[in-house]
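# Close look at the chain arrangement
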Amino acid sequence: MAYCVNCGVKMTPPEKVCPLCGLEAYNPREPLSDAKSRYPEQMERTSVVNRRFVASIISLLLIVTTGICLLLNLLLVKDSPWSVFVIGSLALFFVAALLPILMHKPHPLFCLTLDTAAISLFLLMIVVFITPGNWRWYLILALPITIAAGGFASLMVFLSRFSYFRPILRLVAYSLMLIGIYLLGLEMLLHAYIGTPWAPFWSWIPFAACVMTALFFLFLNRSRKWQEEITKKIFI
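This write-up is about the structure you can find in this document. (Residues numbered from 1 in each chain as written. Predicted model: local features only at pLDDT ≥ 70, side-chain atom pairs only at ≥ 80, totals over all residues. Heavy atoms only, no water.)

### Quick word on the packing of aromatic side chains
Ring pairs (aromatic) are described by centroid distance and by the angle formed between their planes. Counted only if it meets this: Two rings from Phe, Tyr or Trp (for Trp, the six-membered ring) form a pair when their centres sit within 6.5 Å of each other. Planes less than 30 degrees apart are called stacked, planes more than 60 degrees apart edge-to-face, and all others tilted. For each residue, the accessible area found with a 1.4 Å probe, counting protein chains only, is set against the maximum for its type, and the residue is called buried under 20%, exposed over 50%, and partly exposed in between. Distance and angle both matter: a charge sits over a ring if NZ of Lys or CZ of Arg is within 6 Å of the ring centre and within 35 degrees of the ring normal.
If you walk through the whole model with that rule in mind, you get 9 aromatic pairs. With 6.2 Å between their ring centres and 75° between their planes, Trp135 and Tyr138 make a pair best called edge-to-face. The exposure class of Trp135 is partly exposed, given its relative accessible area of 37%. For the pair Trp137 and Tyr138, a centre-to-centre distance of 6.2 Å together with 80° between the ring planes defines the contact as edge-to-face. Grouping residues by exposure puts Trp137 and Tyr138 together as buried. Joined through ring pairs, the aromatic side chains of Trp135, Trp137 and Tyr138 make up one cluster. It is Arg170 that lies over the ring of Tyr164; its NZ or CZ is 4.1 Å from the centre.

### As for the nonpolar core
As a reminder of what qualifies: In this description, a nonpolar core means a group of buried Ala, Val, Leu, Ile, Met, Phe, Trp, Tyr and Cys residues linked to one another through side-chain atoms lying within 4.5 Å. The helix count covers DSSP runs of H or I at least four residues long, the strand count covers runs of E at least two residues long, and both are numbered beginning at the N terminus. Contacts between residues were defined by any pair of non-hydrogen atoms, one from each residue, lying within 4.5 Å.
Grouped together as the largest cluster of nonpolar side chains are 6 residues: Leu123, Ile126, Val127, Trp137, Tyr138 and Ala142. For this core, the secondary structure elements donating two or more residues are helix H3 (108-129) and helix H4 (136-159). Residue contacts for Leu123: discarding those within four places in its chain leaves Trp137, Tyr138, Ala142 and Thr146. The next biggest cluster of nonpolar side chains, apart from the first, holds 5 residues, and it includes Met156, Phe165, Leu171 and Leu178.

### Here's the deal with a nonpolar patch on the surface
Rules: A patch is a set of surface residues, each over 30% in relative accessible area and not in a salt bridge, joined within 9 Å for like charges and within 5 Å for the nonpolar side chains Val, Leu, Ile, Met, Phe, Trp and Tyr. Here, Shrake-Rupley sampling with a 1.4 Å probe gives the accessible areas, and only protein chains in the shown set may cover a residue. By salt bridge we mean one thing: a side-chain nitrogen of Lys or Arg within 4 Å of a carboxyl oxygen of Asp or Glu.
Together, Leu60, Val64, Ile68, Leu70, Leu71, Leu72, Leu74, Leu75, Leu76 and Val77 make up a nonpolar patch on the protein surface, roughly 940 Å² of accessible area in all. As for its placement among the helices and strands, Leu60 is situated in helix H1 (residues 51-75).

### Digging into the packing of H1 against helix H2 (residues 82-102)
Basically, it comes down to this: With axes taken as lines fitted to C-alpha atoms, and helix axes fitted only over the stretch in contact, angles between N-to-C directions fall between 0 and 180 degrees. For classification purposes, an angle smaller than 35 degrees is called roughly parallel, one larger than 145 roughly antiparallel, one from 65 to 115 roughly perpendicular, and anything else oblique. Nonpolar residues are Ala, Val, Leu, Ile, Met, Phe, Trp, Tyr, Cys and Pro. Charged residues are Asp, Glu, Lys and Arg, and all others, Gly as well, are polar.
Remark: H1 packs on H2, axes separated minimally by 10 Å, with the N-to-C direction vectors making an angle of 170°. Judged by the angle between their axes, H1 and H2 are roughly antiparallel. When grouped by side-chain class, the residues that make up the contact of H1 with H2 number 15 nonpolar, 6 polar and 2 charged.

### What about the packing of H3 against H4?
At a minimum axis distance of 9 Å, the contact between H3 and H4 shows a crossing angle of 170°. Viewed along their axes, H3 and H4 adopt a mutual orientation that is roughly antiparallel. Contacts between H3 and H4 involve Pro108, Leu109, Leu112, Thr116, Ile119, Ser120, Leu123, Leu124, Ile126 and Val127 on the former and, on the latter, Trp137, Tyr138, Ala142, Leu143, Thr146, Ile147, Gly150, Ala153, Ser154, Val157 and Phe158.

In structure tokens, the structure reads:
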């Protein structure tokens with residue numbers, strides 16, 4: 001007596017399809033000439049994309065685009081250095097997205113340092129070509145914000161190397177605290193740029209939210225029971 005492997009109903013030998021669920025019956029003892037094979041005759045191999053090769057092709061296209069924009073700017077539109085910003089944007093994309101792929105073993109701290117330097121140079125290019133002589137917004141506002149963001153990101157990458165910060169909940173908690181501090185500093189820089197005395201106005205709201213969420217994650221990191229309950233509720 002045979003049984004359906006899907007619903008378990010009994011099947012008589014002549015039946016080729018389950019009368020209840022319609023699943024096709026298969027008897028492994030049947031001769032291979034009469035029974036259809038349930039396995040492919042040959043294994044299909046999935047092709048692996050060479051990320052470094054793709055990044056090299058995209059880098060070559062960026063170089064070609066840079067040359068075309070530079071020639072157009074020099075030959076056709078000579079009164080505006082618009083190609084500088086296109087080239088700067090392409091260079092920024094190369095440093096942030098393509099260079100880590102082209103490197104053999106990219107170190108996160110090294111890549112973050114390069115990203116921070118590239119953004120700072122791009123902002124400097126805006127000062128030189130758009131607002132020449134107006135260094136105040138760059139030195140007081142743009143450059144400190146960029147360096148602080150890169151520094152906070154590098155700090156979290158550095159702390160993640162230690163065993164104390166290995167649990168993801170603890171790392172997220174301290175990251176949220178740093179984000180709250182960063183927002184307080186951002187409002188301080190804005191007041192310094194405008195020339196008004198610093199007093200927390202809007203930044204304390206996201207700061208308080210970040211701190212409260214961070215404390216919840218730290219509590220959750222210490223409570224195994226709560227982790228299991230939340231995991232069940234969100235089906236992880």
